[in-house]
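Observations on chain architecture
Single-letter residue listing:
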Amino acid sequence: MATIFEMIINGDIPSTKLYEDDLCIAILDINPVNKGHALVISKECYPTFTDAPIETLSHMMEIARRIDQKQREALKADGTNIMINNSPASGQEVPHLHIHVIPRKEGDGKTPVMPKGKYEDGEAAEYGELLKL
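This section reports on the structure supplied with the text. (Residues numbered from 1 in each chain as written. Predicted model: local features only at pLDDT ≥ 70, side-chain atom pairs only at ≥ 80, totals over all residues. Heavy atoms only, no water.)

Describing the pairing of strand β3 (residues 38-42)
Where a strand is regular, its side chains alternate between the two sheet faces. Taking burial as the measure, the five residues of β3 include five buried ones, the bulk of the element. Burial along β3 is two-sided: the face carrying A38, V40 and S42 and the face carrying L39 and I41 are both buried. Direction of pairing for strand β2 (residues 24-28) relative to β3: antiparallel, over a ladder of five bridges. Its bridge partner lying in β3, I27 is registered against L39. Bridging between β3 and strand β5 (residues 98-104) involves four bridges; their strand directions are antiparallel. Bridge pairing links I41 to H98 in β5. (Buried < 20%, exposed > 50% of the residue type's maximum accessible area, 1.4 Å probe, protein only. Helix = DSSP H or I, 4+ residues; strand = E, 2+ residues; numbered from the N terminus. Pairing = 2+ DSSP bridges.)

Pasting the structure below:
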């Protein structure tokens, strides 16, 4: 079964298109965090960030960067959130690679809340060893 993004790419579902090329499409999110919230979506259906080729990821990030610049210019955004939810455990709702570019204004009250924790003594070193590349 096709994802909602495949249906948008195929023209089966309407969208407000901001950009399109052979690798990706950029559209307005229909449920924006803030008005102007854009999605950069891979044309090929990669379920997650880690499934996509580096060339596609690099290109999508360049398009996200250009959208960020446009949001700052046209919408007078003070900043942006650039986000990829990677797998359902992280909040990914559609199993198709996409990058959120969310325009932000100082004091908009929509800062993503990520509770911060602490490492116990020696724990950071253990995690560091596990995660070294």
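Read on for the rest.
Describing the state of the cysteines
Under the counting rule described, the total for this entry stands at zero disulfides. Looking at C24, it has no disulfide partner, and the nearest cysteine sulfur is the one in C45, 15 Å off. (Disulfide = S-S within 2.5 Å.)

Let's talk about the packing of aromatic side chains
Counted according to the given criterion, the structure contains one aromatic pair. Ring geometry for Y119 against Y127: centres 5.7 Å apart, planes inclined by 50°, an arrangement best described as tilted. Y119 gets classed as exposed once you look at its relative accessible area, which sits at 54%. Under the relative-accessibility criterion, Y127 is labelled partly exposed at 39%. (Phe/Tyr/Trp six-rings, centres within 6.5 Å; stacked < 30°, edge-to-face > 60°.)

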